[in-house]
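The chain contents come next:
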Amino acid sequence: EKDGDYAVPKTIDGKAVKGVSRWIDGTPAGDRGDMILENDIAFGKLLETLRDTEDPLWPGHRLIENTLIIFTSDNGPNVVDKLGRNRESGGLRGKKAKLWEGGIRVPGIARWPGHIKPGTTSSVPVIGSDLFPTILSIVGSELPKDRGIDGVDMRPALAGKPVERPVPLYWRNHLAPADNHVA
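Residues numbered from 1 in each chain as written. Predicted model: local features only at pLDDT ≥ 70, side-chain atom pairs only at ≥ 80, totals over all residues. Heavy atoms only, no water.

Asks: How would you explain the overall build of the protein if you had to name every residue and give the values?
Replies: In terms of helices and strands, the protein carries four helices and four strands. Starting at the N terminus and walking to the C terminus, you meet the elements of the protein as β-β-α-β-α-β-α-α. Within the protein, the fraction of its 183 residues that count as buried is 23%. Counted over contacts in the protein with a minimum sequence separation of 6, partners at least 24 positions apart contribute 42%. (Helix = DSSP H or I, 4+ residues; strand = E, 2+ residues; numbered from the N terminus. Buried < 20%, exposed > 50% of the residue type's maximum accessible area, 1.4 Å probe, protein only. Contact = heavy atoms within 4.5 Å.)

Asks: Describe the layout of surface pockets, with residues and values.
Replies: The computed volume of the largest pocket comes to approximately 1400 Å³. Counting only elements with at least two residues in the lining of the largest pocket, the list comes to strand S3 (69-72), helix H2 (101-104), strand S4 (108-111) and helix H4 (155-158). Element by element, the count of residues in the lining of the largest pocket is highest for S4, at four residues. When its residues are assigned to classes, the lining of the largest pocket shows 25 nonpolar, 13 polar and eight charged. (1 Å grid on protein atoms, 1.4 Å probe; cavity = no way out; pocket = protein on both sides within 12 Å on 5 of 7 lines; lining within 4 Å. Points joined across faces, edges and corners; volume = space filled by probe spheres on them. Nonpolar A, V, L, I, M, F, W, Y, C, P; charged D, E, K, R; others polar.)

Asks: Outline unusual backbone geometry, supporting the account with residue identities and numerical values.
Replies: For Asp13, which is not glycine, the phi torsion reads 55° and is therefore positive. The residue Asp13 is located in the loop between strand S1 (11-12) and strand S2 (15-16) in this model. The exposure class of Asp13 is partly exposed, given its relative accessible area of 45%.

Asks: Mind laying out the pattern of salt bridges, listing which residues take part and the relevant values?
Replies: Tallied over the full model, the rule gives six salt bridges. Between Asp146 and Arg147 there is a salt bridge, and its shortest N-O distance comes to 2.9 Å. In this pair, the class of Asp146 matches that of Arg147, namely exposed. The salt bridge partner of Asp153 is Arg155, with a shortest N-O separation of 3.0 Å. For Asp153, a relative accessible area of 23% translates into the label partly exposed. (Salt bridge = Lys/Arg side-chain N within 4 Å of Asp/Glu carboxyl O.)

Asks: Residue-level account of a nonpolar patch on the surface, with values.
Replies: On the surface, Ile70, Leu131, Ile135 and Val139 cluster together into a nonpolar patch covering about 300 Å² of accessible area. Following the sequence through the fold, Ile135 ends up in helix H3 (residues 131-138). Exposure remark for Ile135: the relative accessible area of 43% places this residue in the partly exposed category. (Patch = residues over 30% accessible without salt bridge, like charges linked within 9 Å, V, L, I, M, F, W, Y side chains within 5 Å. Areas by Shrake-Rupley, 256 points an atom, 1.4 Å probe, with all protein chains shown as cover.)

Spelled out as structure tokens, the structure:
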């Protein structure tokens, strides 16, 4: 059901979504909050399925025991939100389509039993482009040599260690003014 900027269903997987989400102070979080709740329910269903499904390659074990799970976002909060202080990004300056930290810095959570120690934290910056080389490395495949690859293997960051990055991270937003670049 479309109401505002987001199409939010009344329910997902039998659970109420539309109009349910609240900010920490109890005020309604609106369609955006409801959309986050919808994502939370769907992700919970995925984790439940991984917990309940036997691993066909590892008899007697569940898929959740040998699955790398990465949860992150592609950008900061939506620029059209008009909520005053930017509480959606933890008080960081900027929103989606802006090159300030609030527009490009997003949380990332990874879980991989036997490979990532629970409670591990990292302040190493990683980017979505790092997923491809990381997954190739995990499965024992080489990076293609017929094209440039922007990302690096981020497994060291998953262990709380530094990542070797031969080319520094940089951002260029096609919506940003020409003089607004970060490097």
